[in-house]
Amino acid sequence: MAGHERVGGTRPSSRFGGAPRSSGHARPVSGSAPSWTGRRIGIGAALGRVAMVLAFAFGSLALGAGYWQVVESQSLSTSGDDAAVIAAARNVLRGEIFDRDGERLAWNKRDKNDEPYRVYADSSLSGVIGYANRQFGTAGLENAWNAQLSGVVSAYPLRELTRKFRADPSDPETLKTTLVLPLQEAAAKALGRNRGAVVMLNPRTGEVLAMVSTPTYDASAIANPTTAEATFQALKDDNRAPLLPRATQGLYVPGSAFKIVTSMAALSSGAITPTTTYSNQPAAESKGWLIDGFRVRDGHHPMTDDRELDYREAIEASCNIYFAETGVRTGSEALTDYATRLGFGADLPFDLPTAVSQITNGGGSLPGGFKDRVEIANAAYGQAEVLVTPLQMAFVASTIANDGTLMKPHLVLEASSKAGTTKVDPSIEREVVSPGIAHEIGAAMRLAVNGDVGRYFTFGAALRTVVVAGKSGTAELGPSQQPHSWFIGFAPYDDPQVAIAVLVEHSGGGDVKASPIAGNLIRAWRSWANG
C-alpha cells in the first residue's frame, strides 16, 4: 500500500509483532550491564563506598561528641544554670568571697533547720556579687562562678580528673576578687538615690576595682529563707528596677562621651588629623549645620569666639558640629570597624552577662547598617541610635589610658580550695588603636577636664592632687525627659592607673551629676592606692 513501503536497509519487524528496534537500542552483549545503567560497579568498590560513608558519619558524630565533651565541657559544667550546679548549690556550704584586700564580701550562716544561707557585707555589692538563694537561684558573680563556689568543679585540673574516685567530690572554692570594698561603698554613696552606675578598673590589667548599680538592694534579705519571698517580690514590684545590673545590662544613649569612639575611628583612618578644622563650623554653631535636609544644632558659639576649632579644641568645647562633620567624613565603615574593636555589637568578654552595645539599629544600606548620612552625623556625637552599657564606656576610657590596647576585664584574682589556688592573670583583649592616636586623644581629654573651656562641661572632675583626663556627655532623650549625665576618664594623666565611667540617669548635663561623682571617686581611689 502506498505510504507503507519498506525503507531500504531497515530491519523487518519482529516475528512476534513488536515495533521495529531502533539502531540506538542494540541488543546487549551477554554478560555486560545494560547501557542505561552505566558501567557496573564491582562489589568491592560498592562496599568501599558504603564504608567511606559510614566512616564519615561516625567521624562526624565523634567530632561533635568530642567538641561538647572536651572542648566545651568546662563551660557547660561550670554554667550557672547547669542542672548539676543548681542541685549542688542548694545544700552545699558555698565558698566565701573576698575583696582584693581580704575584706569578706560574702559568707554563710545556717537557718533554724541547719541549712546554709548567704550573708553579704554591703548593699553596694548587690549589682556585682548578686545573691544566692535556694528558691530564687543566683545572680551576679554568685551565678557566674556558681560551679566553683559550690564545689561542682575545681579550678585545679588534676583534681577534676580524680573527682569520681573521691568519697567527697565537693570542694567549694573561695574567691578573691579584684574589687575594693571601700570604693564600692564610696560609689554607692556618691550615686545616692539616683539611678545610675559606676565602673572603675585598672586599664593596665583589666581588673575591676568597683562596679556599682543603683538603686542597690539588700542581697542578704534575698538569701535569708525567712525574708526571701517578701524581699524578692518587693524588688520585682519596684518601678526603679533595683534588680537590673545597670553597669553591665543597662543600655543608654551616651551623648558626647561617644566622641572618643568617633575620635579613634577618624584619627586612625586618616579622615582627620589633629589640625583639621571646618570653615563653616563657627557659623554653624549659631544656625546649625545643614546636611541632607537635617540641621545639626550646637550651643557653644559664645565660648569659642568664632574660632575654627581643631581636634583638641573640639573635644574641649564638646563641639557637636565638628564631630557631625567628622563622622560623615570618616564614614560608617570605619566608624563601625573601630566600634567593633572596642566590643560594640557583641557580648563583652567579662565574668558577668552583658547587654550588647550598638552604634545603629541596622537595616540601612550603608556599611554597618546605617540608613544615611544624617544618621552617621548624629551617631558621631553619641545620639541617633547609639546605645551603650557603662561597662562598654569604661572600655573606651581604659583603651585610651592604656596606649590604645584594651585589656580583658575580670572580677576574680584567684580561686582557692583544698586542691590549690588558681590565679587569673591579665591578658590583652585587643589592640584597638596605635599608641600615638591614643596619646593624641588622651591629650584632648586632659583639656576637656583642665582647660578653661573644658572645665565648664566637666565641673568637679578636675582635682588638685592628680591630673584627670576625661570627657563628659549629655545624652538627649527628647523634650519630655531629662538627659542622662555621663563622664568617662582616667588618672593620673601621665601614668594612668584607673579608668572610670559614670552614668546618672535623667539628671541633666554631664557637669550636673556625673563629672563631680567621677572626681570624688578618683579622689577616693587615690586615697586607697596611697594606703
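Residues numbered from 1 in each chain as written. Predicted model: local features only at pLDDT ≥ 70, side-chain atom pairs only at ≥ 80, totals over all residues. Heavy atoms only, no water.

Brief notes about the overall build of the chain
Operational definition: By the criteria applied, helices consist of DSSP H or I runs no shorter than four residues and strands consist of E runs no shorter than two, each listed in order from the N terminus. Any two residues whose heavy atoms approach within 4.5 Å are treated as being in contact. Using a 1.4 Å probe, accessible areas were evaluated by the Shrake-Rupley method; residue-level cover was limited to the displayed protein chains.
Check the secondary structure of the chain and you find 21 helices and 17 strands. Within the chain, residue pairs in contact and separated by at least 24 positions form 67% of the contacts whose partners lie at least 6 positions apart. Of the roughly 25100 Å² of accessible surface on the chain, a fraction of 53% belongs to carbon and sulfur atoms.

Observations concerning the packing of helix α11 (residues 259-269) against helix α16 (residues 332-341)
To be explicit about the condition: With axes taken as lines fitted to C-alpha atoms, and helix axes fitted only over the stretch in contact, angles between N-to-C directions fall between 0 and 180 degrees. When the near helix sits turned anticlockwise from the far one by under a right angle, the crossing is termed left-handed; a clockwise turn instead gives a right-handed crossing. Ten residue types, Ala, Val, Leu, Ile, Met, Phe, Trp, Tyr, Cys and Pro, are classed as nonpolar, four, Asp, Glu, Lys and Arg, as charged, and the remainder, Gly among them, as polar.
α16 packs onto α11 with a crossing angle of 115° between their chain directions and a minimal axis gap of 9 Å. As α11 packs across α16, the resulting crossing turns out to be right-handed. Side by side, α11 and α16 meet where V261, T262, M264, A265, S268 and S269 of the first sit next to A334, L335, Y338 and A339 of the second. Its residues placed into classes, the contact of α11 with α16 shows 7 nonpolar, 3 polar and no charged.

Observations concerning the environment of I488
Mapped onto the elements, I488 comes out in strand β16 (residues 484-491). Sequence separation between I488 and F395 is 93 residues; the distance between their C-alpha atoms is 9.5 Å. Ignoring anything within four residues of it in the chain, the contact list for I488 reads A257, I260, M393, V396, A397, M445, A469, G470, K471, I500 and A501.

Here we look at the packing of aromatic side chains
Where we set the bar: Classification of ring pairs rests on two measures: the distance between centres of Phe, Tyr or Trp rings, Trp counted by its six-membered ring, which must be within 6.5 Å, and the angle between planes, read as stacked under 30 degrees, edge-to-face over 60 and tilted in between. Exposure is judged per residue with a 1.4 Å probe applied to protein chains only, and the accessible area is read against the type maximum: over 50% gives exposed, under 20% gives buried, and values in between give partly exposed.
Using the criterion set out here, one finds 8 aromatic pairs in the structure. An angle of 80° between the planes, with centres 5.9 Å apart, marks the rings of F258 and F344 as edge-to-face. Of this pair, F258 sits in the loop between α10 (246-249) and α11 while F344 sits in the loop between α16 and α17 (373-379), and the two are 86 residues apart along the sequence. Like F258, the residue F344 is buried in the burial classification. When the centroid spacing of 6.3 Å and the interplanar angle of 70° are considered together, the rings of Y311 and F323 count as edge-to-face. Separated by 12 residues along the polypeptide, Y311 in helix α14 (residues 311-317) and F323 in helix α15 (residues 320-330) bring together distant segments of the chain. Comparing Y311 with F323 shows no difference in burial state: the two are buried. Counting every residue linked through ring pairs, the aromatic cluster contains Y131, F136, Y217 and F232.

A word on the confidence of the model for the chain
Worth spelling out the cut-off: The score called pLDDT rates the predictor's confidence residue by residue, from a low of 0 to a high of 100.
In this model, the chain carries an average pLDDT of 87, and 83% of its residues clear a pLDDT of 70 or more. This stretch, residues 1-37, has a pLDDT under 50; its non-local contacts, to residues over four places away or in other chains, come to 5 contacts. Within the model, the stretch residues 161-168 combines pLDDT values under 50 with 7 contacts to residues more than four positions away or in other chains.

Some details on helix α9 (residues 228-237)
For an α-helix the count is 3.6 residues per turn, leaving residues at separations of three or four pointing the same way. This is how the line gets drawn: Each direction from the helix axis to a C-beta atom contributes to the arc, which is the arc of those directions.
Within the sequence span of α9, burial applies to A228, T231, F232 and L235. All buried residues of α9 lie within an arc of 95° about the axis, which places them on one face of the element. With respect to the buried face of α9, the exposed residues turned more than 90 degrees away are E229, A230 and D237. Against the buried residues of α9 lie β4 (132-133) and α8 (219-223).

Some words on the pairing of strand β2 (residues 104-110)
Selection rule: Only strands joined by at least two bridges in the DSSP assignment are considered to pair.
Examined bridge by bridge, strand β1 (residues 97-98) and β2 share 2 bridges and lie antiparallel to one another. Within β2, the position partnered with F98 by the bridge is R104. Between β1 and β2, which pair antiparallel in sequence order, lie 5 residues; one of them, G102, sits at a positive phi of approximately 95°. Where β2 folds back onto strand β3 (residues 116-120) in an antiparallel hairpin, the turn is made up of 5 residues, including D114, whose phi is positive at roughly 65°.

A short note on the pattern of salt bridges
What counts, and what does not: Salt bridge criterion: a side-chain nitrogen from Lys or Arg within 4 Å of a carboxyl oxygen from Asp or Glu.
Under the criterion given, the structure shown has 16 salt bridges. E115 is the salt-bridge partner of R134, the closest N and O atoms lying 3.1 Å from each other. Separated by 19 residues along the polypeptide, R134 in the loop between β4 and β5 (137-138) and E115 in the loop between β2 and β3 bring together distant segments of the chain. For R134, a relative accessible area of 22% corresponds to the partly exposed category. Residue class for E115 comes out partly exposed when judged on its relative accessible area of 29%. With its nearest N and O atoms 2.7 Å apart, the salt bridge here joins R118 to E142.

What about a nonpolar patch on the surface?
Short version of the rule: Nonpolar side chains (Val, Leu, Ile, Met, Phe, Trp, Tyr) are joined into patches within 5 Å and like charges within 9 Å, using only residues with over 30% relative accessible area and no salt bridge.
On the surface, a cluster of nonpolar side chains totalling about 430 Å² of accessible area is made up of V50, L54, F58 and L61. Here V50 lies in helix α1 (residues 43-71).

Considering the packing of helix α7 (residues 181-191) against helix α21 (residues 514-529)
What counts here: Should an angle fall under 35 degrees it is taken as roughly parallel, and over 145 as roughly antiparallel, whereas 65 to 115 is taken as roughly perpendicular and any remaining angle as oblique.
Remark: α7 packs on α21, axes separated minimally by 10 Å, with the N-to-C direction vectors making an angle of 160°. In terms of axis orientation, α7 runs roughly antiparallel to α21. Seen from above, α7 lies across α21 with right-handed handedness. Residues L183, A186, A187, A190 and L191 of α7 touch α21, and the partners they reach there are I517, L521, A524 and W525. Grouping the constituent residues of the contact of α7 with α21 by class yields 9 nonpolar, no polar and no charged.

A word on the nonpolar core
This is how the line gets drawn: We call a set of buried Ala, Val, Leu, Ile, Met, Phe, Trp, Tyr and Cys residues a nonpolar core when their side-chain atoms join them within 4.5 Å.
The biggest cluster of nonpolar side chains holds 101 residues, and the ones touching the most others in it are I129, M211, I260, M264, W289, Y311 and I441. Those residues in contact with M264, other than ones at most four positions away along the chain, are Y338, L342, V396, T399, I400, V432, V433 and I441. Listed in part, the 27 residues of the second largest apolar core include V198, V502, V504 and I522.

Some words on the side chain of K471
Where we set the bar: In this tally, Lys and Arg are treated as positive and Asp and Glu as negative; His is ignored, and so are the chain termini. Under the rule applied, a polar contact is a pair of N or O atoms within 3.5 Å (in protein, one hydrogen donor and one hydrogen acceptor; residues adjacent in sequence only if both atoms are side-chain atoms).
In this structure, K471 sits in strand β15 (residues 469-475). D298 provides the closest opposite charge to the buried, salt-bridge-free K471, at an N-O distance of 9.9 Å. At a separation of 2.9 Å, a polar atom in the side chain of K471 contacts the side chain of S318. In contact with K471, not counting residues within four places along its chain, are S256, A257, K259, I260, I315, S318, M445, W486, F487 and I488.

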